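# Per-entry structural report
Read off the chains here:
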Amino acid sequence: MMEMRASFFVECEELLEALQDGLATLEAGEEDNETVNVVFRAVHSIKGGAGAFALHDLVRFAHRFETMLDELRSGVLSVEPGLVRLSFSCADVLADLVRAARDGTEPPFERIDQTMEALDEMIAGEGEEEVTSADFQPVGLSFDFDLGGDAGGAGDSAPPVGHVITFRPAAALYASGNEPRFILKALAALGPVRVKVLTDDLPTLDSLEPEASLIAWRVHLDADVSEAAVREVFEFVEGLCDLVIERPGDAGDAAAPGTTPALPGTHPVTKATWGLPPAPVPTASAAPAPQPTRPAASGPAASGRPAEPAPPARASAAEKSADKSADKGGDKGASAAVEAKGTIRVDIDRIDRLVNLVGELVINQAMLAESVQDAGLTGHPNVESGLNEFMQLTRDIQESVMLIRAQPIKSLFQRMGRIVREASSMVGKEVHLRTEGEATEVDKTVIERLADPLTHMIRNAVDHGIERPDGRIASGKSRTGEIRLTAMHRSGRVLIEVSDDGAGINRPKVLAKAIERGLIDADAQLTDSDIDNLLFLPGFSTADTVSDLSGRGVGMDVVRSSIQALGGRVTIQSEPGKGTNFSISLPLTLAVLDGMVVRVAGQTLVVPLSVIEETMSLTSEGLASLGSESQVLRVRQGVVPLYDLGVELNYRDPLDTYVGRIALLVTLEDGRSVAIAVDKIEDQRQVVIKGLHSSYGRIPGIAAATILGNGQIALILDIGDLVSRARGVTRLRDTLSLAG
Amino acid sequence: MTDTARSTKGSIELLSFTVGGEDYSVDIMSVREIRSGTTATALPHAPDYVRGVINLRGNVLPILDLAVRLGLPHAPGADARHVIIVVDVGNRTVGLMVDAVSDILTAAQDDLQPPPDVGTGGGQGHVSALFVMNDRLYRVLDLGSVLPAIALDAA
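## Let's talk about the overall build of chain A
Secondary structure assignment for chain A yields 24 helices and 22 strands. Taking all 740 residues of chain A together, the buried fraction comes to 37%.

## Quick look at the pairing of strand 17 (residues 638–644) of chain A
When a strand is regular, its side chains alternate between the sheet's two faces. Residue and element names in this part refer to chain A. Pairing geometry for strand 16 (residues 630–635) and strand 17, over four bridges, is antiparallel. Across the sheet, Arg634 pairs through a bridge with Val639, a residue of strand 17. What sits between strand 16 and strand 17 in their antiparallel hairpin is a turn of two residues, with Arg636 showing a positive phi close to 45°.

## A closer look at unusual backbone geometry
Trans peptide bonds make up most of the peptide bonds, and negative phi angles are found at most residues other than glycine. A positive phi angle, near 65°, is found at Asn650 of chain A, a position not held by glycine. With respect to the helices and strands, the residue Asn650 of chain A is situated in the loop between helix 23 (645–648) and strand 18 (662–667). One non-glycine residue, Asn134 of chain B, adopts positive backbone phi at about 50°. Within the element layout of this structure, Asn134 of chain B appears in the loop between strand 9 (127–133) and strand 10 (136–141).

## Brief notes about the packing of helix 1 (residues 2–27) of chain A against helix 4 (residues 81–103) of chain A
Residues and elements named next belong to chain A. At a closest axis distance of 10 Å, the pairing of helix 1 and helix 4 adopts a crossing angle of 170°. Judged on the interaxial angle alone, helix 4 and helix 1 are roughly antiparallel. Residue-level inspection shows Phe9, Cys12, Leu16, Leu19, Gln20, Leu23, Leu26 and Glu27 of helix 1 in contact with helix 4, the latter providing Val84, Ser87, Phe88, Ala91, Leu94, Ala95, Val98 and Arg102. A per-class count over the contact of helix 1 with helix 4 returns 12 nonpolar, two polar and two charged.

## Regarding the sheet that holds strand 12 (residues 592–600) of chain A
Residues and elements named next belong to chain A. One open sheet holds the five strands; their spatial order is 20-12-13-22-21, and the pairing between them is mixed. Lying at the two open borders of the sheet, with one neighbouring strand each, are strand 20 (680–688) and strand 21 (702–707). Going across the sheet, the axis of each strand differs from the next one's by a mean of 35°, ignoring polarity.

## A few points about the environment of Ala565 of chain A
Following the sequence through the fold, Ala565 of chain A ends up in helix 22 (residues 556–565). Between the alpha carbons of Ala565 of chain A and Asp718 of chain A there is a distance of 9.5 Å; along the sequence they are 153 residues apart.

## A few points about the packing of helix 15 (residues 348–374) of chain A against helix 16 (residues 381–405) of chain A
Residue and element names in this part refer to chain A. Running from amino to carboxyl end, helix 15 crosses helix 16 at an angle of 160°, the nearest separation of the two axes being 10 Å. Here helix 15 is positioned roughly antiparallel relative to helix 16, judged by the angle of their axes. As helix 15 packs across helix 16, the resulting crossing turns out to be left-handed. On helix 16, the residues touching Ile351, Leu354, Val355, Val358, Leu361, Val362, Gln365, Ala369 and Val372 of helix 15 are Val383, Leu387, Phe390, Met391, Thr394, Ile397, Gln398, Val401, Ile404 and Arg405. Its residues placed into classes, the contact of helix 15 with helix 16 shows 15 nonpolar, three polar and one charged.

## Some details on the confidence of the model for chain B
Residue and element names in this part refer to chain B. Per-residue pLDDT for chain B averages 79, and the proportion of residues at 70 or more is 80%. Note on residues 1–8: pLDDT under 50 across the span, and four contacts to partners over four residues away in sequence or across chains. When the criterion is pLDDT under 50, residues 150–155 qualifies, and its contacts beyond four places in sequence or with other chains add up to 12 contacts. Across the interface, the model reports ipTM at 0.80; the global pTM reads 0.50.

## Brief notes about the environment of Val494 of chain A
All names here are of chain A. Assignment of secondary structure puts Val494 in strand 9 (residues 493–500). Val494 sits in the buried class, given 25 other C-beta atoms within 10 Å. Spatially, the C-alpha atom of Val494 lies 5.6 Å from that of Ser585, the residues being 91 residues apart in sequence. When near neighbours in sequence (up to four residues on either side) are disregarded, Val494 contacts Thr440, Val442, Ala487, His489, Leu586 and Leu588.

Basis of the calculations
Residues numbered from 1 in each chain as written. Chains lettered and ligands numbered in written order. Predicted model: local features only at pLDDT ≥ 70, side-chain atom pairs only at ≥ 80, totals over all residues. Helix = DSSP H or I, 4+ residues; strand = E, 2+ residues; numbered from the N terminus. Buried ≥ 20, exposed ≤ 12 C-beta atoms within 10 Å, placed from the backbone. Pairing = 2+ DSSP bridges. Axes fitted to C-alpha atoms, helices over the stretch in contact; angles between N-to-C directions. Parallel < 35°, antiparallel > 145°, perpendicular 65-115°, else oblique. Contact = placed C-beta atoms within 7 Å. Nonpolar A, V, L, I, M, F, W, Y, C, P; charged D, E, K, R; others polar. Left-handed = near helix turned anticlockwise from the far one by under 90°. pLDDT = per-residue confidence, 0-100.

Spelled out as structure tokens, the structure:
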């Protein structure tokens, strides 16, 4: 049951995504009937599933939402901006409810109620125009007990209102986890109902099969809803039950000539069997009674066999479901949910295991290559070519496995759509989110961990970037601001950009604030880009008033550090009056990394290749001392500080001379360059990242570990962290006595 | 150890080993495997008793030098031929570097005595019980107290 529940929630996420897609299409004004249907089906499927799991809040809301969409579908309502907006916020609430149900948390009731009210208004507002036929007095609703003949009388006087639904679940319905209780409840949600239990299929106790489904219900629904609406309640159990939907009048007529043979006649029989109000019991009639359930019990066959002697309504049900299946290319309704894309759902743990194993394979391959070399077999053509092929295969497998973990970034972008809607309404601005490159695939973990920083950036853009409508008009822009969210692959990395067409960064204000906060000296000379980068300083916030939205003290520094934690970089560009552009560059995967393998103080370490600008041999001309404890390296026109990796990692004391050692020129996130002295460069290769956090904890200056070809572990450096710590340490205790 | 505990628990199996010339033991249920020592990769900024990390079939395994952790002298030549006992503690796995693994002992719970309170000797806090067998005094290592320090030190 837990598994079914889990898979329901997974399905919900997919449905919510489809819902968002559909709404976006509606918003863009490119809808057709199918779009509305897709949206409707998504909501409906969520409702259906929620019903099965007794998620009442969710069902209640989904139902209301569905009602509105149904009116949209039937043309009572039409697509207009207000409705689309409402639909979006309904979708948001629906997502909230799904997640609250999944996580067992409290859904935001206030918001739900508000949205419900808005929905009611929307539905009611339109409803008035078409109440004409719907609203008259409940005529012919007086058949309290049986349809027998009296229903027919009521049917004469006026067109009958409502439906009489006869619902006989098959055993398969229970077996598949459906519960009649929820179905009956869903019916009750459509309007006033009177439910009668039909026990006529029940045999005498001696021949009772406990597993068989013998109880049926007849529901009188006194509401003017379409038959389709009624039928939808049963959508999930189609083929798992015998369903007859009739107009009250028809039901009476139909019952009389005996098209539903089991019902009226055998009714008293069962009563007697159970010792209820006494009635003559021809036991023989109990025997044929179970028959109607039998064909249904054999599964979906019921809907696929219209030849069965069935009342007209049932035949039409069969046709309908046949149509439905036909247009989906499947033969049964049940397959409808599965096909579409040809995807399978796999537990993420299994994939991670595969990723790990492939990591092992990569390491193993490197070890094998090393052994071959050690054994002096490198010249051997067969060994050589075999090894090369093995290497190629390993790399291919690794790339394919990484692709499994990759997901389109779409789900993340969709969440941002909601952030924009909420944030803009909170501050009274009009903002439209335009997304591009939603299909760009990124590692699942990257997507998950990007959500927070991206949310923050989007909120910032709405709060600080985009101007108020009047301000925008005054500066000759369109009333509605635009935030563009784009994703693309570029040279082995993923590039994500958040740009707005707002006012741009107010540099004088930023500068003033930075000085006021003591982040920079009052007389500091900063370039425009330097000023923009001040935003990334810890504790920086320019919002004049701390709004609900942003400016809560956590700022762009948190954004930057979370992106850095993913091995990414974030840069900022801004043009006054035109807008601001943040661009985030991320590695494709968190599992492998291109690194340079270096030796220092007898240890082997890996430096991410992405941070290394160039490498050079240290010469006495290039080195110069600075103070008594440090030295600098002259690189062309500039001078960069030199750090000894061995010293920074506590592996050794400073050397007498660094001449002859190797310097790695590294550009830090803030644009500064530094030189890192190492003893030797060994190799440049792809390494598999192994986390240290779970087994040991965080180590300053170290990002992770990897396993080298010889089976030894090498640490992967986090140069930014290393240098930021080194700045404090070198001056205090390192005494680089140097030649220079 | 209360009377009830004594009567309900039977005996306990312990893996005995020597470290710094002394006899220690750990509950065998926490031992995952025993392997010969390989060169560990040193971790920067780590406490002195953290030898580094080794590759245990693709996993990063931190190695603690138990002698240093307990404040004991290294047995002569121990560096060259040490043994690593891989233990599970909570949800973490670490390797304990010891001089040699000796035997598997079965001790009755009744024979286990709490360590006497004798001031602030080095390593005393890491012993959860004592027992005597074959005229030798064995200490039962309190794994929990050896480990958490790692997380703190590394944080």
